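Close look at the chain arrangement
Here is how the chains run, residue by residue.
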Amino acid sequence: MIDLMQKLLKLHRGLLQLAKQKTEAIKKSDIGALQDMMNKEQTYVMAIRQLESERMRLLAHLHEEERTVRRYAEQLEETERATLLQLASDLSETIAQLKQQNELNMQLLQQSLQFIHFTLDVIMPNEHDITYDPKRTDELPTRSSFEAKT
């Protein structure tokens, strides 16, 4: 179990580093780098899923509600228990950081999309509002709203 938790921690730390690199790629609008990172991310996620299913297999002898690392650690010697619980704590902390980094990336992506929509609206405004339409029924101003002295 200790070996498995070390592998999980290593993979999650790698995923966290990738998320930080993703932040920089988003800031630079580097689409190619983002695509590469997403592919790498999929590799990490698949490896984590495999390790997680292996972890659950190791805990299968416990009742379903007791299938936790802490509960498993109770069965170990003191040194192994301390090591395992420290790994579990480090893993939880890394997952919390990863979640925070992913939320930041999501916010940056949403801001980028909002900027793109704003830019498109400025470049391509609604044509019906600014062009002449002979079918228009509302009253148009009789004189120009721009007054210039000649």
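Residues numbered from 1 in each chain as written. Predicted model: local features only at pLDDT ≥ 70, side-chain atom pairs only at ≥ 80, totals over all residues. Heavy atoms only, no water.

Topologically, Leu-84 is positioned in helix α4 (residues 78-123). Here Leu-84 falls in the buried class, since its relative accessible area comes to 0%. Each C-alpha atom, one on Leu-84 and one on Asp-3, is 9.2 Å from the other, the two residues being 81 residues apart in sequence. Apart from the residues within four sequence positions on either side, Leu-84 is in contact with Met-1, Ile-2, Met-5, Val-69, Tyr-72, Ala-73 and Leu-76. (Helix = DSSP H or I, 4+ residues; strand = E, 2+ residues; numbered from the N terminus. Buried < 20%, exposed > 50% of the residue type's maximum accessible area, 1.4 Å probe, protein only. Contact = heavy atoms within 4.5 Å.)

The next point concerns the packing of helix α1 (residues 2-28) against α4. With their axes 9 Å apart at the nearest point, α1 and α4 run at an angle of 20° to one another. Considered as vectors, α1 and α4 are oriented roughly parallel to each other. Crossing angle aside, the handedness with which α1 passes α4 is left-handed. When grouped by side-chain class, the residues that make up the contact of α1 with α4 number 17 nonpolar, ten polar and six charged. (Axes fitted to C-alpha atoms, helices over the stretch in contact; angles between N-to-C directions. Parallel < 35°, antiparallel > 145°, perpendicular 65-115°, else oblique. Left-handed = near helix turned anticlockwise from the far one by under 90°. Nonpolar A, V, L, I, M, F, W, Y, C, P; charged D, E, K, R; others polar.)

Moving on to helix α2 (residues 31-58). Its 28 residues place the ends of α2 41 Å apart at the C-alpha level, agreeing with the 40 Å of an ideal helix rising 1.5 Å per residue. Every buried residue of α2 is listed here: Ala-33, Leu-34, Met-37, Glu-41, Ile-48, Leu-51 and Arg-55. (Expected span 1.5 Å × (residues − 1).)

Owing to its 3.6 residues per turn, the α-helix brings residues three or four apart onto one side. Counted at 1.5 Å a residue, the expected span for α4 with its 46 residues is 68 Å, and the 67 Å between its end C-alpha atoms agrees. Buried within α4 are the following residues: Leu-84, Leu-87, Ala-88, Leu-91, Thr-94, Leu-98, Gln-101, Asn-105 and Leu-108. Along its buried surface, α4 packs onto α1 and α3 (69-73).

Glancing now at the pattern of salt bridges. Taken as a whole and judged by the stated rule, the model has five salt bridges. Between Glu-24 and Lys-27 there is a salt bridge, and its shortest N-O distance comes to 3.6 Å. Separated by three residues within a single helix, Glu-24 and Lys-27 lie in helix α1, roughly one turn from each other. The partly exposed category is assigned to Glu-24, whose relative accessible area is 39%. Classification of Lys-27 as exposed rests on a relative accessible area of 54%. (Salt bridge = Lys/Arg side-chain N within 4 Å of Asp/Glu carboxyl O.)

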